[in-house]
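Per-entry structural report
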Amino acid sequence: MSITEFAAAYHEKMFPGYQSDFLRTDPEFIERFDNFAFDEVINQEEQQLDDKTRWMAILATLIGCQGIDEYEKLLGAALNFGVTPVEIKEIVYQAVAYLGIGRVFPFLKATNSVLEVQGIELPLEGQATSTTENRRELGTQAQVDIFGEGMRDFWRSGPEESKQIGRAS
């Protein structure tokens with residue numbers, strides 16, 4: 001088995017001092033996976049993501065695909081690569097609008113558990129930049145700033161039976 005030096009060092013930064021049991025039970029898989037995920041992907045010439053952004057994308061993707069087991073394992077690695085607890089919470093909170101609370105609630109629970117095990121006191125300091133009273137106005141303005149005037153009051157559009165979704169976001 002030959003895991004590259006780069007992949008081994010990256011894995012060590014993710015999980016200091018940890019050796020996966022898969023090295024014993026599935027060595028060929030781990031060799032291929034670690035070399036691909038922790039060396040080839042990261043070192044692609046056209047690769048433009050810094051480590052922190054990559055880990056934010058990984059967490060969001062795991063929430064999206066409902067990969068709760070891997071999410072719990074990789075949350076500590078994301079912290080090791082500079083993703084802050086506030087950023088992690090924001091990823092989870094934002095996922096509710098796309099996936100629904102039923103799919104995201106287990107990730108919020110897992111996040112809280114992992115952060116507390118890491119010694120991070122909860123709740124985190126509040127980060128809200130809006131209030132219940134002005135969130136619609138500020139949210140609409142943010143969409144207009146990003147996507148243009150066509151987004152102004154876009155939340156009012158669509159079929160009557162789904163308008164509540166636009167109002168809630």
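The rules we used
- Residues numbered from 1 in each chain as written.
- Predicted model: local features only at pLDDT ≥ 70, side-chain atom pairs only at ≥ 80, totals over all residues.
- Heavy atoms only, no water.
- Helix = DSSP H or I, 4+ residues; strand = E, 2+ residues; numbered from the N terminus.
- Rg over C-alpha atoms; globule rule 2.2 N^0.38 Å.
- Buried < 20%, exposed > 50% of the residue type's maximum accessible area, 1.4 Å probe, protein only.
- Contact = heavy atoms within 4.5 Å.
- Areas by Shrake-Rupley, 256 points an atom, 1.4 Å probe, with all protein chains shown as cover.
- Lys, Arg positive; Asp, Glu negative; His and termini not counted.
- Charge placed at Lys NZ, Arg CZ, Asp CG, Glu CD.
- Expected span 1.5 Å × (residues − 1).
- Arc of directions from axis to C-beta.
- Core = buried A, V, L, I, M, F, W, Y, C linked by side-chain atoms within 4.5 Å.
- Phe/Tyr/Trp six-rings, centres within 6.5 Å; stacked < 30°, edge-to-face > 60°.
- Salt bridge = Lys/Arg side-chain N within 4 Å of Asp/Glu carboxyl O.

**What to know about the overall build of the protein chain**
Helices and strands together make up the secondary structure of the protein chain, namely nine helices and zero strands. Order of helices (α) and strands (β) in the protein chain, N terminus to C terminus: α-α-α-α-α-α-α-α-α. For 169 residues, the compact-globule formula gives about 15 Å, and the C-alpha radius of gyration of the protein chain, at 20 Å, lies well above that figure. Projected onto the principal axes, the alpha-carbon positions of the protein chain cover approximately 60 × 40 × 25 Å. Expressed as a percentage of the 169 residues in the protein chain, the buried residues total 28%. Within the protein chain, counting contacts between residues at least 6 apart in sequence, those at least 24 apart form 63% of the total. Of the accessible surface of the protein chain, which amounts to about 11,300 Å², a share of 55% is contributed by carbon and sulfur atoms. Within the protein chain, one finds 15 positive and 28 negative side-chain charges whose respective centroids are separated by 9 Å.

**Here's the deal with the environment of Q47**
Of note, Q47 is situated in the loop between α3 (27-40) and α4 (51-64). Separated by 17 residues in the primary sequence, Q47 and G64 have C-alpha atoms spaced 22 Å apart. Sequence-distant contacts of Q47, defined by excluding residues within four places in its chain, comprise V41, I42 and R54.

**What about unusual backbone geometry?**
For the peptide bond that leads from L122 to P123, omega is 0°, which places it in the cis range. A positive phi is found at Q66, a non-glycine position, where the angle reads about 65°. Relative to the assigned elements, Q66 resides in the loop between α4 and α5 (68-80). With a phi angle near 60°, D153 is a residue other than glycine that sits in the positive phi range. Looking at where D153 falls in the secondary structure, it is placed in the loop between α8 (135-147) and α9 (163-168). By relative accessible area, D153 is classed as partly exposed at 35%.

**Observations regarding α8**
For α8, built from 13 residues, the straight-helix expectation of 18 Å at 1.5 Å per residue is met to within 8% by its first-to-last C-alpha distance of 18 Å. Taken residue by residue, α8 has R136, T140 and V144 as its buried positions. Within α8, the buried residues cover an arc of 70° as seen down the axis, which keeps them to one side. Looking at α8, the residues exposed on the side facing more than 90 degrees away from the buried face are D145 and I146.

**A word on the nonpolar core**
Ranked by size, the top nonpolar core spans 28 residues in total, and within it Y10, M14, W55, L59, I63, Y71 and I88 carry the most contacts. With six residues, the top contributor of residues to this core is α5. Not counting chain neighbours up to four residues away, the residues in contact with L59 comprise Y71, L74, L75, A78, I88 and I91.

**Overview of the packing of aromatic side chains**
In this description, a pair of aromatic rings is defined by centroid distance and the angle of the planes. In the structure shown here, the tally under the stated rule is eight aromatic pairs. Relative to Y10, the ring of F6 has its centre 6.3 Å away and its plane inclined at 20°; by these criteria the two rings are stacked. Here F6 pairs with Y10, and both are found in helix α1 (residues 5-14), just four residues apart, close to one helical turn. Under the relative-accessibility criterion, F6 is labelled partly exposed at 37%.

**Quick look at the pattern of salt bridges**
The tally for this structure, following the rule as stated, stands at five salt bridges. Measuring nitrogen to oxygen at the nearest pair gives 2.9 Å for the salt bridge that ties R152 to E149. According to the relative accessible area criterion, E149 is exposed, its value standing at 52%.

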